[in-house]
Amino acid sequence: MGITKTEIFTDEQNKLASLFKVLGHPARIAILQYIIDQKTCICNDLVDELGLAQATISQHLKELKNMGIIKGSIEGKSVCYCIEEKVWKHFQQQFNIFFNQDVAVKQCC
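Definitions and limits used
Every residue gets a number counted from 1 within its own chain, in the order that chain's sequence is written. Whole-chain, interface and lining totals are the exception, using all residues; otherwise, since this is a predicted model, local features are given only for residues with pLDDT of at least 70 and side-chain atom pairs are given and counted only at 80 or more. Side-chain figures throughout are based on the complete set of non-hydrogen atoms in the structure, without hydrogens or water. What counts as a helix is a DSSP run of H or I of at least four residues, what counts as a strand is a run of E of at least two, and both are numbered from the N terminus. Surface patches are drawn from residues lacking salt bridges whose relative accessible area is over 30%; two like charges belong together within 9 Å, two nonpolar side chains (Val, Leu, Ile, Met, Phe, Trp, Tyr) within 5 Å. Accessibility throughout is a Shrake-Rupley quantity obtained with a 1.4 Å probe, and a residue counts as covered only by protein chains that appear here. We define a salt bridge as a contact between a side-chain nitrogen of Lys or Arg and a carboxyl oxygen of Asp or Glu at a distance within 4 Å. As used throughout, the charge tally considers Lys and Arg to be positive and Asp and Glu to be negative, leaving His and the chain termini uncounted. By convention, the point assigned to a charge is CZ for Arg, NZ for Lys, CD for Glu and CG for Asp. UniProt positions are given in the numbering used here, feature names are shortened, and annotations may be inferred rather than shown by experiment. To qualify as a nonpolar core, a set must consist of buried Ala, Val, Leu, Ile, Met, Phe, Trp, Tyr and Cys residues joined through side-chain atoms within 4.5 Å. The cut-offs for exposure are 20% and 50% of the maximum accessible area for each residue type, with area from a 1.4 Å probe on protein chains only; residues under the lower value are buried, those over the upper are exposed, and the others partly exposed. The contact definition used throughout considers only heavy atoms, calling two residues in contact when any of these lie within 4.5 Å. Whenever a helix is involved, its axis is fitted only over the stretch in contact; in every case the axis is a line through C-alpha atoms, and angles between N-to-C directions fall within 0 to 180 degrees. Roughly parallel means an angle under 35 degrees; roughly antiparallel means over 145; roughly perpendicular covers 65 to 115; every other angle is labelled oblique. When residues are grouped by polarity, Ala, Val, Leu, Ile, Met, Phe, Trp, Tyr, Cys and Pro land in nonpolar, Asp, Glu, Lys and Arg in charged, and all others, Gly among them, in polar.

- An unreviewed UniProt entry annotates the protein as Transcriptional regulator, ArsR family originating from Sphingobacterium spiritivorum ATCC 33861.

Okay, structure coming up:
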């Protein structure tokens, strides 16, 4: 198995690829959708809402937090999470640039 040569790609290409990788799990999409729908920070609601084990949700939250998409604040014994708006908007802009590229349709396939 070869080594991925990330250094040959731009920072934006590497960041976008990392984001796609983090978003590549349906549980993480569900977590983000739930946080967005609540319009507030959430704490322990995810276990009840998604039906996943606390350890599983914690691992997914860790991945999202490491990517910078969410942030957490400690309140007593709980960590409350919300969307990191600046990072969210940056990735939203990068997605739009990526997906709004004109694709020349050719009759070659």
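### A closer look at the environment of Val87
Okay, step 1: Position of Val87 among the secondary structure elements: in helix H5 (residues 85–99).
Okay, step 2: Val87 sits 17 residues away from Ile70 along the chain, and the two C-alpha atoms are 8.4 Å apart.

### Focus: a negative patch on the surface
Okay, step 1: Residues Asp37, Asp45, Asp48 and Glu49 make up a contiguous surface patch of negative charge.
Okay, step 2: Broken down by element, the residue count for the negative patch peaks at three residues, all from helix H3 (residues 45–50).
Okay, step 3: Among the secondary structure elements, Asp48 is positioned in helix H3.

### Digging into the UniProt feature "domain: HTH arsR-type" (unreviewed entry) in the protein
Okay, step 1: Sequence positions flagged by UniProt for "domain: HTH arsR-type" (unreviewed entry) are, in local numbering, residues 8–106.
Okay, step 2: Secondary structure across residues 8–106 comprises 61% helix and 12% strand; the distance between its end C-alpha atoms is 29 Å.

### Overview of the nonpolar core
Okay, step 1: Grouped together as the largest cluster of nonpolar side chains are 16 residues, with contacts concentrated most on Leu46, Leu61, Leu64, Ile69 and Ile70.
Okay, step 2: The set of elements that each furnish at least two residues to this core consists of helix H1 (11–22), helix H2 (26–38) and helix H4 (54–67).
Okay, step 3: If we skip the residues at most four places from it in the chain, Leu46 touches Ile31, Tyr34, Gly51, Ile57 and Leu61.

### Examining a nonpolar patch on the surface
Okay, step 1: A contiguous nonpolar patch, built from Phe20, Phe98 and Phe99 and spanning about 310 Å² of accessible area, is present on the exposed surface.
Okay, step 2: Along the chain, Phe98 falls in helix H5.

### As for the pattern of salt bridges
Okay, step 1: With the rule as written, the count across this model stands at one salt bridge.
Okay, step 2: One salt bridge connects Glu85 with Lys89, and the closest N-O pair in it is separated by 4.0 Å. Of this pair, Glu85 and Lys89 are both found in helix H5, four residues apart, which corresponds to roughly one turn of the helix.

### Looking at the packing of H1 against H5
Okay, step 1: Between H1 and H5, whose axes approach to 11 Å, the crossing angle comes to 100°. The angle between H1 and H5 falls in the class roughly perpendicular. Counting all contacts with H1, which are made through Glu12, Lys15, Leu16, Leu19 and Phe20, the residues of H5 involved are His90, Phe91, Gln94, Phe95, Phe98 and Phe99.
Okay, step 2: For the contact of H1 with H5, the class distribution of residues is seven nonpolar, two polar and two charged.

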